[in-house]
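Okay, here's what each chain looks like letter by letter:
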Amino acid sequence: MSATVVVPCFNEARRLQADAFVAFLDQRPDVGLCFVDDGSTDGTRDWLATLGDRCRVLLNERNLGYAGANNRGVAAATKDLVALLNNDLVLPPRWLEPMLAVHRRLGDRAGLVGNVQVDARTGQVDHAGIFINLKGKPEHDRREAQGWST
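None of the values given here were measured: they were computed from a predicted structure.

So, on to helix α4 (residues 97–106). Looking only at α4, the buried set comprises Glu 97, Met 99, Leu 100 and His 103. Across the axial projection of α4, the buried residues extend over an arc of 160 degrees, all falling on one side. Those residues of α4 that are exposed and angled more than 90 degrees off the buried face are Pro 98 and Arg 105. Packing partners of the buried residues in α4 comprise β4 (81–84). Where α4 ends, the next residue or the one after it, Gly 107, has phi of about 55 degrees, a positive value.

Counted by the stated rule, this structure contains three salt bridges. With a closest N to O distance of 2.6 Å, Arg 28 and Glu 97 form a salt bridge. Remark: Glu 97 occurs in helix α4 and Arg 28 occurs in the loop between α1 (18–27) and β2 (31–37); sequence separation between them is 69 residues. Judged by its relative accessible area of 13%, Arg 28 is buried. You can call Glu 97 buried: its relative accessible area is 16%.

A separate point is a nonpolar patch on the surface. Together, Tyr 66, Val 74, Val 82 and Leu 84 make up a nonpolar patch on the protein surface, roughly 340 Å² of accessible area in all. Counting only elements with at least two residues in the nonpolar patch, the list comes to α3 (65–76) and β4. For Tyr 66, a relative accessible area of 45% puts it in the partly exposed group.

This part covers the nonpolar core. In this structure, Val 5, Val 7, Leu 33, Phe 35, Leu 85 and Trp 95 are the most contacted members of the largest nonpolar core, which totals 23 residues. Elements with a contribution of two residues or more to this core: β1 (3–9), α1, β2, β4 and α4. Discounting chain neighbours no more than four positions away, the residues touching Leu 85 are Val 5, Val 6, Val 7, Pro 8, Phe 21, Tyr 66, Leu 91 and Trp 95. Core analysis: the second largest hydrophobic core is formed by six residues, Val 6, Cys 34, Leu 58 and Ala 76 among them.

This part takes up the state of the cysteines. Here the structure, examined in full by the defined rule, presents zero disulfides. With no disulfide partner, Cys 34 has as its closest neighbouring cysteine sulfur the one in Cys 55, 9.1 Å distant. On the accessibility criterion, Cys 34 (3% relative accessible area) is buried. Relative accessible area serves as the criterion here: at 8%, Cys 55 is assigned to the buried category.

About the cut-offs
- Residues numbered from 1 in each chain as written.
- Predicted model: local features only at pLDDT ≥ 70, side-chain atom pairs only at ≥ 80, totals over all residues.
- Heavy atoms only, no water.
- Buried < 20%, exposed > 50% of the residue type's maximum accessible area, 1.4 Å probe, protein only.
- Helix = DSSP H or I, 4+ residues; strand = E, 2+ residues; numbered from the N terminus.
- Arc of directions from axis to C-beta.
- Contact = heavy atoms within 4.5 Å.
- Salt bridge = Lys/Arg side-chain N within 4 Å of Asp/Glu carboxyl O.
- Patch = residues over 30% accessible without salt bridge, like charges linked within 9 Å, V, L, I, M, F, W, Y side chains within 5 Å.
- Areas by Shrake-Rupley, 256 points an atom, 1.4 Å probe, with all protein chains shown as cover.
- Core = buried A, V, L, I, M, F, W, Y, C linked by side-chain atoms within 4.5 Å.
- Disulfide = S-S within 2.5 Å.

The following block contains the structure:
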């Protein structure tokens, strides 16, 4: 099962963790990596140009926002699955495998598989999914479930 990892960027030259994403490609040759620059003006585009053929880089002429950048990356995806990631994540080794295992186990019943994100500084759960609040808006679920280890 192969995947395209889509990573939107906007004026993130100083925070971009692209080296971790590129190192991930060495471990998973079946995965494609697509950075979508959302109209950066701070040197992010120059840095992305140094990646060569290892990654696909899409350049938006203007800032389309996080959702717009993700949509553009998804439209360009060429693999079976798509993973949407923020560009400032610190990726532990084998971060994709648990999500792929859940997808394999659920098969056609899996419409969306997510992960638990932990704040790298504090170790606290930062994101464990979303829920729709009483006003009909999505919110991050930051509750730590029993049995999780962070």
